[in-house]
Structures are given as structure tokens and as C-alpha cells.
Amino acid sequence: MENASKIRYYLKTSIMLGSFAFGFMSFILPIYSKRIGGNALTIGGLFSIFSIVTLILRPFIGKAIDKYGRKIFFVIAFLFYGISMFLFSCSTNVISLYISRFIQAIGASFMWISAYSIAIDIANDEKRGAAIGHVDGASNKGALYGALISFVLLSNFTLMSGWSILFKGYAILSIVAGYIAYKYIPETKTISGEQTKSDNNRLNSNFTKLLLIVFISSISTSMLSPLLMIYLQDRFTTNIGTLAIAFIPAAIVYAFLPSKLGGISDKFGRIMPMVIGLIGSGIVSLGFTHMYSIEVLIMLWVLESIGIVMASPAEEALVSDIVGRDIRGSAYGLYLFVSSLGAVIGPLVGGWLYDSFGHAIPFYLNGIILLSDALLVLILFKNYKKVNYNSRMIIK
């Protein structure tokens, strides 16, 4: 497609700039929340409220994107991000954190459906996995760069003052990202030359199977999202520098491997990368709490990240493979809706298990569920065949 490379460049640039807060937030939000009086359950709630908002909004946004186009929703996402980042910078209690998180979730509801749809609109059909990987990688690169800058800044300020400075900076970058999206990214829904068949413009049994798998894995993995840093603090240290060293290697994996590992699914199909990624992450989770060295835990965290990065682009590209272009936004809306539904449940369950039954239980449960989900992928998609990239997917 003419100018596709330029659109892809500006898409990745805007996503990267708007994502500077993401990686550091997953690291610092549990720490900051605990510092101002939160416990595991209330911290889990900060992750769940984000998922509740996206759960409600994403199906409607998906349909609207199919009807009105991608660009306007993509631009609006960064405006919400800018507002939320500024409010985070002023937050000094758990209630204000919840308000800021609520607004951030609105932005996320707009951004990811439109971003994935734009990326697939401008991609060659045989490179959809890599296209999705580029989107995920751009976000994760921004998250990594933002985290590195943030760690340096916090080494020279207290947590409270550094928090305020950082999130004001994130707000500015979000507005810049919105300007780039508005100025340089066209409406891709109208410029794609892809033609789809009418019987591929409805949701089918393959898509339903995929949603079941996504729901199970999202519950499982989201249990640990707010707990990893809490566990490291409870088990090893509260020193932010040491925790940063533990965090950065996995962040590097998320930043630089998605497009490469996404390309694997373009060459060898979507199913095996999903299965291998789920199995690898599950095994690592089972062994996580048996390690008594933070250095070994860092290695395990990296291995788990590789598994997730291998599975995610394949799973996300599979969505576009099994639905037609005219309902792509709706399909991604439902896909992310189901993911959000699982992510509403997971952090609350994880926090409750962590506080009530021991630190190891959420990690064990996550490992068991991910291994079971890998088996479910093999069973439900055992006869899945890709005819070719220019036609619909079939089951033989």
C-alpha cells in the first residue's frame, strides 16, 4: 500500500510516546499505592477498575470504529491519556489514584482497538503477526524508555516529589502523541484495498473458541500483574534501585521482541506460538516462588516474558485472520472486552489469595491455568488450517 511505511512509522511513534508511563506504572503503582496506605486488595482494585472501564466501553468502541473509522478514536485516546497522567501527578491518596486510573482506562479503550485496526489495515496479509508485533513493540519500547528515565529521576528525588514530576512529563508526551496522530495518520479504513467475502464478515465458531482461551488466560496472568512487585518487596527488598534492576530485563524483552516473535506466527502459523508461549509461562510461574535468589527470579521473569511475547502477537493476529475487514473493529472490541473481563477478575482474586492463603498460591494457580489453557488451544484448534492469507480461514 502506498505510504504504508510512513503511516506505520507515525503509528509506532505516537504509540511509543503515549506509552512512556506504561512500564513504570506497572512497577511503581503498587509501590506508591502501598506507600500511601494501600494493601494488596486495594492495589488489585486499581488494576481491576481499569479493566472494568475497558470491559464496558470496548464493544461499543469496536462497532463505532467500523462505522466511523479509526483515526478519531486513536487521537482521542491520547487526550484522555494526557488528562489522566496530569491527575496522577496530583494524586496523594488512593481515591485520587482510582479517579486517574478510571480516566486512563477510557483512553486505553479508545487506543488499542483503533491501533490494532490501523496496523492490520495497512499490513500485507502475510505479515499480520509482525504488524501486531510492531504495535505491541512500540508501546513496550515507550514503556521501557519511560521506565529508564523514571528510575534515573527517582534516584535524585523522593518518591513523592519524583512521582509528581514524572507524571506531568507523561502528560506532555501524551499530548504530543495525539498531535502526531492527528497530523500524520490518515483514515486507514478507507484506504485499504483488501476485499472480504460476505460470509467472512460475521463472527464464527473459531472466534468464539479464541475468546474462551483469551478469557481464561487473562484471568490467570492478570492475577500476578499487581503482585510481582509486592512479592519482591515482601520477599527480598524495598529498595527501588534493586527492584528496578529486577524489572528492566523483562521490559527489554517486551520492547524489542514482539515484532520478531510475531513474525514467527506469520511463517509457522498462529497455534504453535500460542501453545509454546503458554506452556513456557506456566512452567516459569510454577517455579517462581521456589527461587531464593533475586538474580534467578530475574531470569525466570525474562523467560516468562518471552513466552507471553511469543503468544500475544499470534493470538492478536488470529483475530484478523478469522474475521473480515468490515467487522475488524468489532472483533477487536470483543476480543479486548473478553480480555478486560478476565482482567477485572484476576487482580482481585490474586490479591485475595495472596493476603489470605499465602504468597505462593497465585503463582501456582497461574501456572496450572496457563498449562491447561495451552492444552485447550491444542484441543479446540487441532484441525485449524490456514488456506491462504487472501481468503478466509476454514476448519477441515
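Residues numbered from 1 in each chain as written. Predicted model: local features only at pLDDT ≥ 70, side-chain atom pairs only at ≥ 80, totals over all residues. Heavy atoms only, no water.

## Examining the overall build of the protein
For the protein, the count of helices and strands is 15 helices and 2 strands. Radius of gyration (C-alpha) of the protein: 20 Å, near the 21 Å computed for a compact globule of 396 residues. Once the C-alpha set of the protein is aligned to its principal axes, its extents read approximately 55 × 45 × 30 Å. Per-residue burial over the protein gives 58% buried out of 396 residues. The long-range fraction of contacts in the protein, counting pairs at least 24 apart against all pairs at least 6 apart in sequence, stands at 87%. Here the protein displays about 15700 Å² of accessible surface, and carbon together with sulfur accounts for 67% of that area. (Helix = DSSP H or I, 4+ residues; strand = E, 2+ residues; numbered from the N terminus. Rg over C-alpha atoms; globule rule 2.2 N^0.38 Å. Buried < 20%, exposed > 50% of the residue type's maximum accessible area, 1.4 Å probe, protein only. Contact = heavy atoms within 4.5 Å. Areas by Shrake-Rupley, 256 points an atom, 1.4 Å probe, with all protein chains shown as cover.)

## A closer look at empty space enclosed by the protein
Under the defined criterion, the tally for this structure stands at 2 cavities of 30 Å³ or more. Here the second largest cavity is characterised by a volume of approximately 40 Å³. Considering the residues around the second largest cavity, the lining is formed by Arg-8, Leu-11, Lys-12, Ala-119, Ile-122, Ala-131, His-134 and Val-135. Those elements giving two or more residues to the lining of the second largest cavity turn out to be helix H1 (4–18) and helix H6 (128–154). (1 Å grid on protein atoms, 1.4 Å probe; cavity = no way out; pocket = protein on both sides within 12 Å on 5 of 7 lines; lining within 4 Å. Points joined across faces, edges and corners; volume = space filled by probe spheres on them.)

## Observations concerning the nonpolar core
Grouped together as the largest cluster of nonpolar side chains are 114 residues, with contacts concentrated most on Phe-24, Phe-27, Ile-28, Phe-74 and Trp-112. Here this core gets 13 residues from one element, more than from any other, and that element is helix H5 (residues 94–121). The contacts of Phe-74, once residues within four sequence positions are left out, are Leu-11, Ser-14, Ile-15, Met-111, Ser-114, Ala-115, Ile-118, Ala-181 and Ile-185. Counting 5 residues, the second-largest nonpolar core is a separate cluster that includes Leu-261, Val-302, Val-309 and Met-310. (Core = buried A, V, L, I, M, F, W, Y, C linked by side-chain atoms within 4.5 Å.)

## Here we look at the packing of aromatic side chains
One pass over the structure, following the stated rule, counts 20 aromatic pairs. Geometrically, the ring pair formed by Phe-167 and Tyr-170 is edge-to-face, given 5.0 Å between the ring centres and 85 degrees between the ring planes. In this pair, Phe-167 and Tyr-170 are both assigned in helix H7 (residues 159–184), 3 residues apart and thus about one turn of the helix distant. Ring centres 6.0 Å apart and planes at 55 degrees place the aromatic pair Tyr-231 and Phe-288 in the tilted group. Separated by 57 residues along the polypeptide, Tyr-231 in helix H9 (residues 228–235) and Phe-288 in the loop between helix H12 (271–287) and helix H13 (294–321) bring together distant segments of the chain. Of the residues examined, Tyr-231 reaches a relative accessible area of 2% and is grouped as buried. Overall, Phe-288 belongs to the buried group, its relative accessible area being 2%. One aromatic cluster is present, built from ring pairs that chain together Tyr-32, Phe-88, Trp-163, Phe-167 and Tyr-170. The ring centre of Tyr-182 lies 5.3 Å from the NZ or CZ of Lys-71, which sits over that ring. (Phe/Tyr/Trp six-rings, centres within 6.5 Å; stacked < 30°, edge-to-face > 60°. Lys NZ or Arg CZ within 6 Å of the ring centre and 35° of its normal.)

## Some remarks on the pattern of salt bridges
This structure, assessed with the given rule, holds 6 salt bridges. Bridged by salt links that share partners, the residues Asp-66, Arg-70, Asp-121 and Arg-328 form one connected network. (Salt bridge = Lys/Arg side-chain N within 4 Å of Asp/Glu carboxyl O.)

## What to know about the confidence of the model for the protein
Put simply, the protein has an average pLDDT of 83, and 92% of its residues get 70 or more. Least confident of the elements in the protein is strand E2 (residues 394–395), whose mean pLDDT is 32; most confident is helix H4 (residues 71–89), at 95. Confidence drops under pLDDT 50 across residues 191–199; counting only partners more than four residues distant or on other chains, this segment forms 16 contacts. Scored below 50 in pLDDT, residues 387–396 shows 22 contacts in the model against residues more than four places distant or in partner chains. (pLDDT = per-residue confidence, 0-100.)

## Focus: the side chain of Asp-136
By the secondary structure assignment, Asp-136 is in helix H6. Arg-58 provides the closest opposite charge to the buried, unpaired Asp-136, separated from it by 10 Å. Residues in contact with Asp-136, not counting those within four places in the same chain, are Trp-112, Tyr-116, Tyr-254, Pro-258, Pro-313 and Glu-316. (Lys, Arg positive; Asp, Glu negative; His and termini not counted.)

## Digging into the environment of Ala-105
One can find Ala-105 in helix H5. With relative accessibility at 0%, the residue Ala-105 sits in the buried group. Taking the C-alpha atoms as reference points, Ala-105 and Ala-77, 28 residues apart in sequence, are found 9.5 Å from one another.

## Topic: H9
Taking burial as the measure, the 8 residues of H9 include 6 buried ones, the bulk of the element. All of the buried residues along H9 are Leu-228, Met-229, Ile-230, Tyr-231, Leu-232 and Gln-233.

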